[in-house]
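Here's the letter readout for the chains.
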Amino acid sequence: MFTLSGGHVFPLYDAVVKDGADTAMRLVDVRHEQTAVFAAEATARLTRTPGLAVVTAGPGVTNSVSAVTTAWFNGAPVVVLAGRAPDSRWGSGSLQEMDHPPLLAPVTKRAWTEHDTARLADSVDEAFRLAASPHRGPVFLDISLEAIYGQAEADLPGAGPDGPAGAGPAPDAGEVDHIARLLRTARHPVLVLGSDVWLGGAEDAARQAAQELRLPVIANGQARGVLPRGHELLVTRARSVALRQADLVIVAGTPLDFRLGYGSFGPKDAPARVVHVADAPGGIATHVPLAASAAGDLSAFFTALAASGPGFRAGQADPEWVPGLAEATRAALAADGPLLASEADPVHPARIYGELLQVLDDDAVVIGDGGDFVSFAGKYIEPLRPGGWLDPGPFGCLGTGLGYAIAARLAHPAAQVVLLLGDGAAGFSLMDADTLVRHGLPVVMVCGNNAGWGLERHPMRALYGYDVAADLQPGCRYDEVVRALGGAGELVTTAADIGPALRRAFASGVPYLVNVVTDPEVVYPRSTTGV
């Protein structure tokens, strides 16, 4: 239970304290309600079971809205329980009186109020089951003061399923057969895997299908690692070439949004056919023409698709397609070398990743919270296993980092947890380093400190010839903030000092921030603004 203390929800804390030994529920109090919900979201995304946040009425709820919206965009099963002013004085101006559900309804699967203590157990059970059912997402339930403080007898609902939450029905067999027929006639097919492949427990089936069908794979979000780095079919680093030359693109477990060119692939004079696969019908794109689609359990989809393997391999696929993309991937990786080893002064942000890659364990959880600095992470860090990468996702909300890090340390107590922070993002949630300290949660934080909002600074210069409202304090001592809160940290200003600082951070056993001053003029070479 992630929370920030409030009188409207005291009975929930009382239940954890008195029944904690039986329920094994840990109470983690944070410094801002959005951190509580971000931590619940990360718990859901890392463990594939619903996360729980508890917030007090009024501002406790409104402070959580951006985090709930992030969970909505990421399809993360999160339950937010909230306090509510008393029914008996509703309309009289009670403390923090507000009708919360209308505010949350657009960004949740359901938002409602429970007024009856006797129905409370069933309502909470419904919230968890709804959050976990495809397509997964946040659910909001507030509880009136009388209901949460009241007493009643009720039968408790049965426990939900273990493991990845809520597998849905299998996709229509005819739809899968249609997609298989498209594959048999494709010369340059590409498979794009998104986070729902991981969240739905379909990573093994997806990997087996890609291997059986010899499909080049581009992975994003938490699907990174479904094919481990170095796999011959993993062509994420050659994605621009692959998507530009493809004649069939199958996108599974992620929306056709700005990250994927809104579903426009292939040569301009011969656009690729597009297949969209989602875990529920509502996830199928409607803004772009589709050659085919399928909705349902993603593991069942990949298993059925793999069964078409012999027919596909005897089809029209270009025998040079996969080897050519593999070569493009190797060339891209080789081209990284000079920047990853850069001795530039000021520090080039890529050098931080060159050093980090040398000390990361295979099971590390890597969290990105930032703009340009974290974009470099997405380029250079390729996980060995799925599920270990967390970023804010398509909503692009900064401030996720500390909440995600808290959850990652609790979910993976023996793994390295690395939080990559832009200096702008650090300003949203760094106070929750106090939460890491109070709860004994060691995390390595690396701040790419370029003294500004790089993601805004450079586009504004391109548009107007100057920038404004994009500067932050040069060399700001974010490391001293963490030290003042009881952790540790240090300032790094030269490339040669990055590696030793990272090793000290991992060896410290405490929340530790490595604050690296980087070149503010370095621009990440992005291909889309998301507009």
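Residues numbered from 1 in each chain as written. Predicted model: local features only at pLDDT ≥ 70, side-chain atom pairs only at ≥ 80, totals over all residues. Heavy atoms only, no water.

A. Representation of the overall build of the chain within the structure. When helices and strands are counted, the chain shows 22 helices and 17 strands. Against the compact-globule benchmark of 24 Å for 531 residues, the chain has a radius of gyration of 24 Å, which places it among compact chains. Taken over the C-alpha atoms alone, the chain extends approximately 70 × 60 × 45 Å along its principal axes. Among the 531 residues that make up the chain, the fraction classed as buried is 54%. Intrachain contacts of the chain at a sequence separation of at least 6 include 76% that bridge at least 24 residues. If you sum the accessible surface of the chain, you get close to 21300 Å²; carbon and sulfur atoms cover 55% of it. (Helix = DSSP H or I, 4+ residues; strand = E, 2+ residues; numbered from the N terminus. Rg over C-alpha atoms; globule rule 2.2 N^0.38 Å. Buried < 20%, exposed > 50% of the residue type's maximum accessible area, 1.4 Å probe, protein only. Contact = heavy atoms within 4.5 Å. Areas by Shrake-Rupley, 256 points an atom, 1.4 Å probe, with all protein chains shown as cover.)

B. Focus on the sheet that holds strand 4 (residues 78-84). Across the sheet, which stays open at both edges, the six strands sit in the order 2-1-3-4-6-5 with parallel pairing between neighbours. The sheet is open, and its two borders are formed by strand 2 (28-29) and strand 5 (110-114), each paired with just one other strand. The pairing of strand 3 (residues 51-55) with strand 4 spans five bridges and is parallel. Bridge pairing links Val54 to Leu81 in strand 4. The strands that helix 6 (residues 120-132) touches are strand 3, strand 4, strand 5 and strand 6 (139-144); relative to strand 5, the one it contacts most, it runs at about 170 degrees. (Pairing = 2+ DSSP bridges. Axes fitted to C-alpha atoms, helices over the stretch in contact; angles between N-to-C directions.)

C. Broad picture of the sheet that holds strand 10 (residues 273-278). Spatially, 8-7-9-10-11 is the arrangement adopted by the five strands of the open sheet, whose pairing is parallel. Both outer strands of the open sheet, strand 8 (217-219) and strand 11 (292-295), are each paired with one neighbouring strand and no more. On average, each strand axis in the sheet is tilted by 15 degrees relative to the strand beside it, whichever way the strands run. Direction of pairing for strand 10 relative to strand 11: parallel, over a ladder of four bridges. The residue of strand 11 that forms the bridge with Val277 is Ala294. Here helix 8 (residues 173-184) sits on the sheet in contact with strand 7 (189-193), strand 9 (248-252), strand 10 and strand 11, set at roughly 140 degrees to strand 11.

D. Molecular detail of the packing of aromatic side chains. Taken as a whole, this structure holds 10 aromatic pairs when the rule is applied. With a centroid separation of 6.0 Å and 85 degrees between ring planes, the pair formed by Phe38 and Tyr404 is classed as edge-to-face. Taken together, the residues span a long stretch of sequence, with Phe38 in helix 2 (residues 33-47) and Tyr404 in helix 17 (residues 401-411) at a distance of 366 residues. Here the aromatic rings of Phe376 and Tyr380 are separated by 6.3 Å at their centres, their planes lie at 15 degrees, and the arrangement is stacked. One end of the pair, Phe376, and the other, Tyr380, are both in helix 16 (residues 372-380), four residues apart, so they sit about a helical turn from each other. Here Phe376 and Tyr380 have matching classes, each one buried. (Phe/Tyr/Trp six-rings, centres within 6.5 Å; stacked < 30°, edge-to-face > 60°.)

E. Quick look at helix 20 (residues 454-464). Where helix 20 is concerned, the buried positions are Gly454, Arg457, His458 and Met460. In a view along the axis of helix 20, the buried residues occupy a sector of 160 degrees, so they form one face of it. The exposed set on the far side of helix 20, more than 90 degrees from its buried face, consists of Ala462, Leu463 and Tyr464. In this structure, the buried side of helix 20 is in contact with helix 16. Positioned one or two residues after helix 20, Gly465 has a phi angle of 85 degrees, which is positive. (Arc of directions from axis to C-beta.)

F. Focus on the pattern of salt bridges. For the coordinates displayed, the defined rule picks out 28 salt bridges. Note that Glu114 and Arg119 form a salt bridge whose closest N and O atoms lie 3.3 Å from each other. Its relative accessible area of 4% is what places Glu114 among the buried residues. The salt bridge involving Arg477 is made with Asp479; its shortest N-O contact spans 2.8 Å. (Salt bridge = Lys/Arg side-chain N within 4 Å of Asp/Glu carboxyl O.)

G. Highlighting the side chain of Asp336. Note that Asp336 resides in helix 14 (residues 321-340). Sequence-distant contacts of Asp336, defined by excluding residues within four places in its chain, comprise Arg237, Lys379 and Tyr380.

H. Representation of the pairing of strand 7 in the model. Of all five residues in strand 7, five are buried; the element is thus mostly enclosed. Judged by which residues are buried, strand 7 turns out to be covered on both faces: Pro189, Leu191 and Leu193 on one side and Val190 and Val192 on the other are all buried. In the sheet, strand 7 pairs with strand 9 via five bridges, with the strands oriented parallel. Residue pairing for strand 9: Val192 is matched across the bridge by Val251. Judged from the three bridges that link them, strand 7 and strand 8 form a sheet pairing that is parallel.

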